[in-house]
Each structure stands twice: as structure tokens, then as C-alpha cells.
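Understanding the architecture of this molecule
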Amino acid sequence: MARFVSILVFALWIVAAPAASQSQVFIQIEAHPSLTQAQDSLRGYAQRFRDINGFTLGGGWYGIALGPYAETEAAGILRNLRAERLIPRDSYIARSSDYRAQFWPVGVNLVPRAALPETPLAEPDPATPPEETLREARANEARLTREDRTLLQEALEWAGFYKGRIDAAFGRGTRTAMARWQEANFYPGTGVLTTRQRAELLRQFNGVLEGLDIALVDDTDAGISLQLPTSKVAFSRYEAPFAHYDAKDDLEARVLLISQEGTPATLAGLYDIMQTLEIVPGRGARELKGNAFTLEGRNAQFVSYTEARLQNGHIKGFTLVWPTGDEERRTRVLEIMQKSFARADGVLPASAGSGATQDIDLVSGLRIAKPLRTRSGFFVDARGTAVTSSDLITGGGCGRITLDGTTEAEATVIDETAGIAVLRPKRALAPLRIAAFLDSEPRLKSDIAVAGYSYGGALGAPSVTFGTLAETQGLAGEPDVARLALSALDGDVGGPVVASDGAVLGMLLPAPSGNRTLPDGVSFAANAQTIRAVLDAAGIRTTADDDPETDMPAETLSRQAAGMTVLVSCWD
């Protein structure tokens, strides 16, 4: 009981605490990366404190603070609130200069105007309009334009209260959404927003865009105009078919304008090429349909969205690249770009940016996507199932696996003891050749060959390295490993080891880890029996070479080995 009285008396003291006209400070208690999260938390605090405030902090963050208080009193208030466990223990004293626009309570502005940035979009006058009767609210609502009504529906949808069609018609669904928004913001749920309430809703809606300086950019060379976050990106250069707008600060946002002459074949080619670029990660929806395409790519660092359309012989569109984890702002910026996008006459000439430095890893100034790791592998059935070294996947960060750089595959088996991974393509392939495994004991000192993408696919085809079978067991007598007298490269790991008649007798393993260094020319392979046991356990039937042929000429053996070998890539 005594604790309850203490809290009650203290809460009343907080309400009555005077704000000094000079050196006013706040007690910062929470910060959220989403306006919606901040508002939800504010509603809870508003049940206990009357002096609760919400401010934008910049960088997409929203702060919750108590105050303002005289600087001489703030430390004591903070100490007592912490002791009563009414606020988080990491709360701290903040100055008004730490805050930007105030979004809670509506119509209140405790931060001097000089500390506030200009609003990024046209909004209602921040001065609080007088409250209206229901009749006056209906009369003022009737004066709204279609654009005004559409914007209100979009704001209600963004706030999570409206799920209907954006049609500027205030029917039952819109009225219900308005009432729900009013109740959530401590207004009577009349279903008709007053001028003040509309102003608050739009302030909430546009608060996420604060500091982005959204403005119309008219790129006459590209023949495109649209609204862009001009505080985050600025024009850099032309490299056909792109106009590059690069990051201005550490947010690392980017925009590309796409502008070129073309045909349906050109559009399809651009669709394919863009999927090879670093700015279009492999995870995400993508569609080429008719005379338009969209591409979405996501990874741990950023999200990119591209759209382009062929119209009157001109391909035009854009790409927005935005950091991962800032989805609320990214979505709003993307919507603004889409709605404001307009085509004008002219396209970028094919020669635009032709004087730029040439680089095999660049396409029109954009870096080609590179996998985290590559290994070699080989096909073991007619559907395109392949085996490779398990360290490709267990090395970490492998969000996507491809065969030959394009066909996505999934790891159905990862046997770390044997060092083998089994990969199944997500769409059936038609391998040129499949492995036929040696079904007898290989001959010591016999000639062998390893096929693999020694240089990670840079040559576009597998290389073949020749050597001899040194031993049918490992250095410590391991029965499932063969020792090879052969100088292989890291990219060859996972590739097939073939006997002189073309039968597969093993899979090349990575060099042993540890402090011990082996002599040059020493390699190891998982033997055929081990590989087949892993595949049998996975329900994959294999082919045995139980009728050994005579030795093949080196050229024929190379074709046999290379024909079953596939480049395996691990992508972020």
C-alpha cells in the first residue's frame, strides 16, 4: 500500500513539475525505428503520465520523452522514476536540441522552431486549428479534393486501419477506419475526421519522410522525371542505359534511372543482365511479362527494386537500392517514386559514358554479383542431382546455392564426416554426362584426372588436371579416403576424380586444416564407395562402371570428366 501511495504521489508531482523557460530538458525513456511502434508505446505511457512526448530523432528513429523540466530538477526526477521502476533503467536526460519534429501530443511543440527541419512534403499548417463540431467537420470534409481524399485513405492504410480500395470514396470501410484511428488516438470515434485530426494523421504519415527532402527531379537527358530523396542521393554520371544517382551520406541509398531504345528482345536481355548485378541479390520476386518487368532482390545489407517498361520503342524505368532494416521509409519512398514517375521525349544515347574506365567486373558502371564461395561438383543422375564438398555450405553465410551460376539448388544431404553434400536442382537439368562409379579396387600408381573449375568459373569451362593414385587410404589409414599425387587448386575441390577409363573413383576433398603443412602435390579424395553410400542413404540411384574399358586418350578422358562437372556457387 505504501508503495502504491508513493507512486501515486510521485506521478502527481511529475504532472505538476514546472518547465523552466530556459535550459529546459527532457528525460529520454525509449527510441523506436518505427513510428507505429513509438505510437503504440506512447499510448501506454499516456495512461500514467500527462507530460509524455514523442519526437522524431532523425535517421528513421522516434523518441519518447518526459518533460520538459527545469535542468536543476531533472536529475532528481530521473532518479526517483528509476527507483520506482516507472521508466527503463537506461533512461537519460536529453536536451531539446536532441529532438526534431514533435508528433505527440498533436498540436504541441515544445522544441524551438529553429531546431526543426523543413517538412519534406506539403503538409497542413503545423499551427493547431481550432476543434470543430461534427457538423463543421462534415462541412470541411466536403471541400476536400479527390487528391486529398485519396491521400487520407493512403494514410489510414499506412497506419494499419484501412484495408479497402484506394478510390477517394469515403464509404463504410473508410468511415470505420477513421473511427478506429480516432479511438486509437484518444478522440471520439465519429468516423468523420476534423481538420485538426486530418492534420495529425498526415503528420504521422509524412513523419517517416522527415529529412529525406523529397523533391521532383527532371532528368532531361534520360527523358524521365520523378520524385527522389534528394538529401540521400544525387546525380553522379551517365553510363548507358543508366543514369546513376549515388549515395550522399552513410545511408548508402542509390537510384538508377533506366533509359534506352529497345525492342521486346532488348527488354528481355536487360531483365537477364540485371539479375547478374550485385545490386540485384538473388532472393526476391521477379517477373517479365509482356512489355514490362519487375525485379526485387534482398540480402543482409540492402533491398533493391527495379521496374522497367517498353513503350513506343523506348525502355524506361528505375532501380531503388535501400538499406535492409529501414523498410518503412523504403516502402514510402518507393511508392512516391512509382506514383511520380513520368516519361518525356528522348533516351540516353548508347554512347553515354563510353569514356568510363573499362572493367571486366562492371556492366555500365555496376558491379557484377560475385558468389561468397565456389566449388566444383559433378552430376550423379539424369535429373541433375550433383555432389560437391560439404565445406561449400558449412562455411557459413550461404543463403542460396546455384549450379552453373543460374540454376538454384537445395542441399538435401550434408555429411560433414564424409565431407560430401548432395544438391538437388529446383528445376530438372539435362546433364551432358553423369558419373559412372568405379565398382572395383583402383590400381595403385594408375593415372587419374580431376576435373574442376580451378579459377572459380573465370574460364567459363572446367579444367582437367592429371596425376596418379598414390594410395587407396589416408595418411592415418582412413579406409574412406584415397591419397592422390596431384597438384589441385582450391576451385577444383568437389570435382570428380576419374580413372584412366573414365570411371569416377572419388571426389576431391579440401586440403586438411590445421598447423601441419603437407608437401606440394599431395591431395585427397572421398572414394567411390563412400560417395555411393551417402547417395544410397538419400534414395538416389547411382550408375556403376562394372565393365572397365581400356584407357582413354587424354583428350577423350578430358571431355568425359568435364562433361559431368558443374560449377557450384554459394551466394549471400
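Look above for the structure.
Attention here is on the structure that accompanies the text. Everything numeric here is computed off the predicted structure, so don't read it as measured data.

With respect to the packing of aromatic side chains
Here the distance between the centres and the angle between the planes together describe a pair of aromatic rings. Applying the stated criterion to the full structure yields 14 aromatic pairs. On the basis of an interplanar angle of 65° and a centroid distance of 5.7 Å, the ring pair of tryptophan 158 and phenylalanine 205 is categorised as edge-to-face. Highlighted residues: tryptophan 158 in helix α5 (residues 146-158) and phenylalanine 205 in helix α7 (residues 195-207), separated in sequence by 47 residues. This pair shows no difference in class: tryptophan 158 is buried, exactly as phenylalanine 205 is. Among the aromatic side chains, those forming a connected cluster through ring pairs are Phe26, Phe55 and Tyr99. The positively charged end of arginine 332 is found above the aromatic ring belonging to phenylalanine 205, 3.5 Å away from the centroid.

A few points about the pairing of strand β25 (residues 463-471)
Note: strand β24 (residues 447-452) against β25, six bridges, orientation antiparallel. Following the sheet pairing, isoleucine 448 is matched in β25 by glycine 467. Note: β25 against strand β26 (residues 481-485), three bridges, orientation antiparallel. Its bridge partner being in β26, leucine 469 is matched across the sheet by leucine 484.

Some thoughts on the pattern of salt bridges
Per the stated rule, a full pass over the model turns up 20 salt bridges. The residue glutamate 239 makes a salt bridge to arginine 237 at a minimum N-O spacing of 2.7 Å. In this structure arginine 237 comes out as partly exposed when scored by relative accessible area, which is 25%.

Considering α5
The end-to-end C-alpha distance of α5 is 18 Å, a good match for the 18 Å that 13 residues give at a rise of 1.5 Å each. Here α5 has its buried residues at Arg149, Thr150, Leu152, Gln153, Glu154, Ala155, Leu156 and Trp158. At the exit of α5 stands glycine 160, carrying a positive phi of roughly 90°.

Comments concerning the sheet that holds strand β6 (residues 214-219)
Taken together, the three strands give an open sheet; going across it, the order is β6-β7-β15, and neighbouring strands pair in antiparallel fashion. Among the strands making up the open sheet, the edge pair consists of β6 and β15 (342-343). Here two bridges tie strand β7 (residues 224-229) to β15, and the two strands are oriented antiparallel to one another. Within the sheet, the bridge partner assigned to isoleucine 224 lies in β15 and is arginine 343. Across the sheet, helix α9 (residues 327-340) lies against β6, β7 and β15, angled at about 160° from β7, the strand it touches most.

Considerations on the sheet that holds strand β22 (residues 420-425)
The strand order around the closed barrel formed by six strands is β18-β19-β22-β21-β20-β31, and the pairing between neighbours is antiparallel. Going from strand to strand, the sheet's axes swing by 40° on average, the running direction of each strand aside. Where strand β18 (residues 373-379) and strand β19 (residues 386-389) come together, three bridges link them in antiparallel fashion. Residue pairing in the sheet places phenylalanine 378 in a bridge with valine 387 of β19.

Criteria and cut-off values
- Residues numbered from 1 in each chain as written.
- Predicted model: local features only at pLDDT ≥ 70, side-chain atom pairs only at ≥ 80, totals over all residues.
- Heavy atoms only, no water.
- Phe/Tyr/Trp six-rings, centres within 6.5 Å; stacked < 30°, edge-to-face > 60°.
- Helix = DSSP H or I, 4+ residues; strand = E, 2+ residues; numbered from the N terminus.
- Buried < 20%, exposed > 50% of the residue type's maximum accessible area, 1.4 Å probe, protein only.
- Lys NZ or Arg CZ within 6 Å of the ring centre and 35° of its normal.
- Pairing = 2+ DSSP bridges.
- Salt bridge = Lys/Arg side-chain N within 4 Å of Asp/Glu carboxyl O.
- Expected span 1.5 Å × (residues − 1).
- Contact = heavy atoms within 4.5 Å.
- Axes fitted to C-alpha atoms, helices over the stretch in contact; angles between N-to-C directions.

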